[in-house]
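What follows is the residue order along each chain.
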Amino acid sequence: MFEEKSDIEIVEEMLNILCKESEIKLPQNLSNGDKRAVLKDLMLVRPMGDLNEYFIELQNALLSREMRARAIAVDDFKFSKKKCFYSADILDLKVDMIVVFTDKLFANFNPDEIDINAELILRGGVNINEDLAKIYYENKAVNSYKEPYIVSGYNLACQYVAKILLPNSGEEMLVEDMDNLRQCVSKLFDFVKEKKFHIIAINLSNISKYHSKLVLEKWVIDESLKNLKSKKIKTNIIFVKNNKKTENKIKY
């Protein structure tokens, strides 16, 4: 249906729909780059609910087209004792599930700083926000720190996305926080076992606002591998970091 449409034609149609929803008018003579930038902004600020089906079709055509050019196959990755370490953008990995740690369930609109929460929406689609919101409101609009938020990956290279919430604190995590995190990771691997995943990827790059950052990263690695062993799970894990310079600082 959309094969004959160019990227910019799809962007323009998506913009028209979102502008009508928001009752706003775009400036005339925007460049193609500006149009794409405005589209990203509108996708991030769009209220949840009442998804326009044609907009979703347009979005999926555009984002899946872009992801095909970015996706990283992992079939040839070498694993040692069920794990490997890789420096990449985790959203590009063609795995069964990616796991991200964040102190926010939803993306904050900040055009100067696109974080992992925003990237999930911009590259996976607004459907991700909708699914997260559904879980959130089913939980009486209270953030859960004891269970992962697991949704479809939609237009990402992965099948599923799991968000694990960390407390919004710049200090070392409390005993209660660590107990919640342990319970959350355990439930995550219950899901992994249930789905019989072959490979998942866990993002270490976003564990960045805590006093014992490297200690917490090592804890995530150790706890994940412990769950594989105790639950007798055959899944392999890719531990992902974007910054190669910091990889050797952790003693695995």
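Shown above is the structure to which this text applies.
Being a predicted model, the structure only gives us computed values, none of them experimental. Residue numbers here run from 1 along each chain, matching the order of that chain's written sequence. With the structure being a predicted model, the display of local features is reserved for residues of pLDDT at least 70 and the display and counting of side-chain atom pairs for 80 or more, all residues being used for whole-chain, interface and lining totals. The side-chain quantities take in all heavy atoms of the structure and omit both hydrogens and water.

(A) Up close: the overall build of the protein chain. What counts as a helix is a DSSP run of H or I of at least four residues, what counts as a strand is a run of E of at least two, and both are numbered from the N terminus. Scanning the protein chain from N- to C-terminus turns up 8 helices and 6 strands. Relative to the globule expectation of 18 Å for 252 residues, the C-alpha radius of gyration of the protein chain, 19 Å, shows essentially globular dimensions. Along the first, second and third principal axes, the C-alpha atoms of the protein chain reach 55 × 40 × 35 Å. Exposure classes here rest on a 1.4 Å probe applied to the protein chains alone. A residue is buried below 20% of its type maximum, exposed above 50%, and partly exposed in between. Per-residue burial over the protein chain gives 46% buried out of 252 residues. Note on contacts: a residue pair qualifies if any of its non-hydrogen atoms lie within 4.5 Å across the two residues. Within the protein chain, residue pairs in contact and separated by at least 24 positions form 73% of the contacts whose partners lie at least 6 positions apart. Here the Shrake-Rupley method, with its probe set to 1.4 Å, supplies the accessible areas, and only the displayed protein chains count as covering residues. When the accessible surface of the protein chain is summed, it comes to about 13,700 Å², and 48% of that surface belongs to carbon and sulfur atoms. Residues scored as positive are Lys and Arg, those scored as negative are Asp and Glu, and His as well as the terminal groups of each chain are ignored. By convention, the point assigned to a charge is CZ for Arg, NZ for Lys, CD for Glu and CG for Asp. One finds the centroid of the 39 positive side-chain charges in the protein chain at a distance of 9 Å from the centroid of its 39 negative side-chain charges. Throughout, the radius of gyration refers to the C-alpha atoms, and the reference size of a globule is 2.2 Å times the residue count to the power 0.38.

(B) Up close: helix 1 (residues 7–22). One less than the residue count of a helix, multiplied by 1.5 Å, gives the span that helix is expected to have. Relative to the 22 Å expected for 16 residues at 1.5 Å per residue, helix 1 spans 22 Å between its end C-alpha atoms, a close match to the ideal helical length. Those residues of helix 1 lying buried are Ile-10, Val-11, Met-14, Leu-15, Ile-17, Leu-18 and Cys-19. Its buried side turned inward, helix 1 meets helix 2 (32–45) and helix 3 (53–70). Looking one or two places after helix 1, you find Glu-23, whose phi comes out positive at around 55°.

(C) The arrangement of the packing of helix 2 against helix 3 in detail. Axis angles are defined between N-to-C directions and span 0 to 180 degrees, where every axis is a line fitted to C-alpha atoms and, for a helix, only to the segment in contact. Contact geometry of helix 2 with helix 3 gives a least axis separation of 14 Å together with a crossing angle of 120°. By the criterion of interaxial angle, the relationship of helix 2 to helix 3 is oblique. Handedness of the crossing formed by helix 2 with helix 3: left-handed. Packed against helix 2, whose contacting residues are Arg-36, Leu-39 and Met-43, the element helix 3 presents Phe-55, Gln-59, Leu-62, Leu-63 and Glu-66 at the interface. Split into classes, the residues belonging to the contact of helix 2 with helix 3 amount to 5 nonpolar, 1 polar and 2 charged. Under this scheme an angle from 65 to 115 degrees is roughly perpendicular, one under 35 degrees roughly parallel, and one over 145 degrees roughly antiparallel; angles in between are oblique. Put simply, a crossing is left-handed when the front helix is turned counterclockwise from the back one by less than a right angle, and right-handed when it is turned clockwise. Note on residue classes: Ala, Val, Leu, Ile, Met, Phe, Trp, Tyr, Cys and Pro are nonpolar, Asp, Glu, Lys and Arg are charged, and everything else, Gly too, is polar.

(D) Representation of empty space enclosed by the protein within the structure. Both cavities and pockets are sets of points on a 1 Å grid over the protein atoms alone; in a cavity a 1.4 Å probe fits but cannot get out, in a pocket the set is open with protein on both sides within 12 Å along at least five of seven lines, and lining residues sit with an atom within 4 Å of a point. Grid points are joined across faces, edges and corners, and a volume is the space filled by probe spheres set on the points. Enumeration according to the criterion identifies 1 cavity of 30 Å³ or more in this entry. The space that makes up the largest cavity amounts to roughly 40 Å³. Around the largest cavity, the lining residues are Met-43, Arg-46, Met-48, Ile-121, Val-126, Asn-129 and Glu-130. For the lining of the largest cavity, the leading source of residues is helix 5 (residues 126–138), giving 3 residues.

Just geometry here; none of it tells us what the structure is for.
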